[in-house]
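The residues making up each chain are set out below.
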Amino acid sequence: MAETTYDSTNIFAKILRGEIPSHRVYEDDAVVAFMDVMPQGQGHTLVVPKAPSRNLLDADPATFGPLFAIVQKVALAVKKAFGADGVTILQFNEPASGQTVYHLHVHVIPRFEGIPLKSHSGQMEKPKVLTENAGKIRGALEN
Ligand code: 5GP
């Protein structure tokens, strides 16, 4: 049975409300994208719908079209921004799967031949690096 309780005090809800800072790369009426503070690879970006749901299991299916259109847009932008060889898309549902933040989000991670992913929710990245990487992605999204 899927858990259906949405807790609006989760960290991404606070980011969406502007209560805590993030390195944003994209925003429209339905979706925000910002840098993951503990990246599994250079340029690791999170794409987050504004509509509240814990994860994919309790989300309104109407969320997915606009969300995945931006996942693709951001995937193309990070590939271009970092000269990546590929892009990994990850999405976790409930603790058993590895989910740690309970607002639906999709991980977009640029990949490079021979370089493995770092651990999930591992080491904090320096704010300066996140700012630089966000700037590169915004540049790629604009061109
Ligand atoms: P999940 O495990 O829920 O799929 O992923 C949550 C992601 O959020 C992790 O990759 C983690 O590094 C990231 N994260 C956790 N706290 C914060 C935060 O305060 N700001 C940002 N930008 N990312 C966070």
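Just above sits the structure.
In this report, the structure presented in the accompanying data block is examined. (Residues numbered from 1 in each chain as written. Predicted model: local features only at pLDDT ≥ 70, side-chain atom pairs only at ≥ 80, totals over all residues. Heavy atoms only, no water.)

What follows concerns the environment of proline 49. By the element assignment, proline 49 lies in strand β3 (residues 45-49). C-alpha separation for the pair proline 49 and alanine 59, spaced 10 residues apart in sequence, amounts to 9.9 Å. (Helix = DSSP H or I, 4+ residues; strand = E, 2+ residues; numbered from the N terminus.)

The subject of this paragraph is helix α3 (residues 127-142). Taking 1.5 Å of rise per residue, 16 residues should cover 22 Å, and α3 covers 22 Å from first to last C-alpha, within 8% of that figure. Of all the positions in α3, only Leu130, Asn133, Ala134, Ile137, Ala140 and Leu141 are classed as buried. The buried residues of α3 all sit within an arc of 125° when viewed along its axis, so they share a single face. What points out from α3, more than 90 degrees from its buried face, is the exposed set Lys128 and Glu142. (Expected span 1.5 Å × (residues − 1). Buried < 20%, exposed > 50% of the residue type's maximum accessible area, 1.4 Å probe, protein only. Arc of directions from axis to C-beta.)

The next point concerns the packing of aromatic side chains. Applying the stated rule across the entire model yields 1 aromatic pair. Taken together, a centroid distance of 5.4 Å and an interplanar angle of 75° make the contact between phenylalanine 12 and phenylalanine 34 edge-to-face. Taken together, the residues span a long stretch of sequence, with phenylalanine 12 in helix α1 (residues 11-16) and phenylalanine 34 in strand β2 (residues 31-35) at a distance of 22 residues. Of the two residues, phenylalanine 12 and phenylalanine 34, both sit in the buried class. (Phe/Tyr/Trp six-rings, centres within 6.5 Å; stacked < 30°, edge-to-face > 60°.)

Core analysis: the biggest nonpolar cluster contains 25 residues, and Val25, Val47, Leu67, Val74, Val108 and Ile137 have the highest contact counts within it. Elements with a minimum of two residues in this core: β1 (24-27), β2, α2 (64-82), β5 (106-111) and α3. Contacts of leucine 67, omitting those with residues within four sequence positions, involve Val31, Val47, Val48, Pro49, Leu104 and Val106. Counting 7 residues, the second largest nonpolar core, distinct from the first, contains Val32, Phe34, Val48 and Val101. (Core = buried A, V, L, I, M, F, W, Y, C linked by side-chain atoms within 4.5 Å. Contact = heavy atoms within 4.5 Å.)

With respect to topology, 5 strands assemble into an open sheet ordered β1-β2-β3-β5-β4, the strand pairing being antiparallel. Each having just a single partner strand, β1 and β4 (86-90) make up the two edges of the open sheet. Averaged over all adjacent pairs, the angle separating strand axes in this sheet is 20°, with direction ignored. Packed on one face of the sheet, α2 meets β1, β2, β3, β4 and β5 and runs near 20° to β5. Seen against the sheet, α3 touches β1, β2 and β3 and runs at an angle of roughly 35° to β1. (Pairing = 2+ DSSP bridges. Axes fitted to C-alpha atoms, helices over the stretch in contact; angles between N-to-C directions.)

This part is about the pattern of salt bridges. Tallied over the entire structure, the rule returns 5 salt bridges. Between glutamate 19 and arginine 17 there is a salt bridge, with its nearest N and O atoms 2.7 Å apart. Linked through salt bridges whose partners overlap, the residues forming this network are Arg24, Glu27 and Lys50. (Salt bridge = Lys/Arg side-chain N within 4 Å of Asp/Glu carboxyl O.)

None of the figures reported here should be taken as evidence of function without further support.
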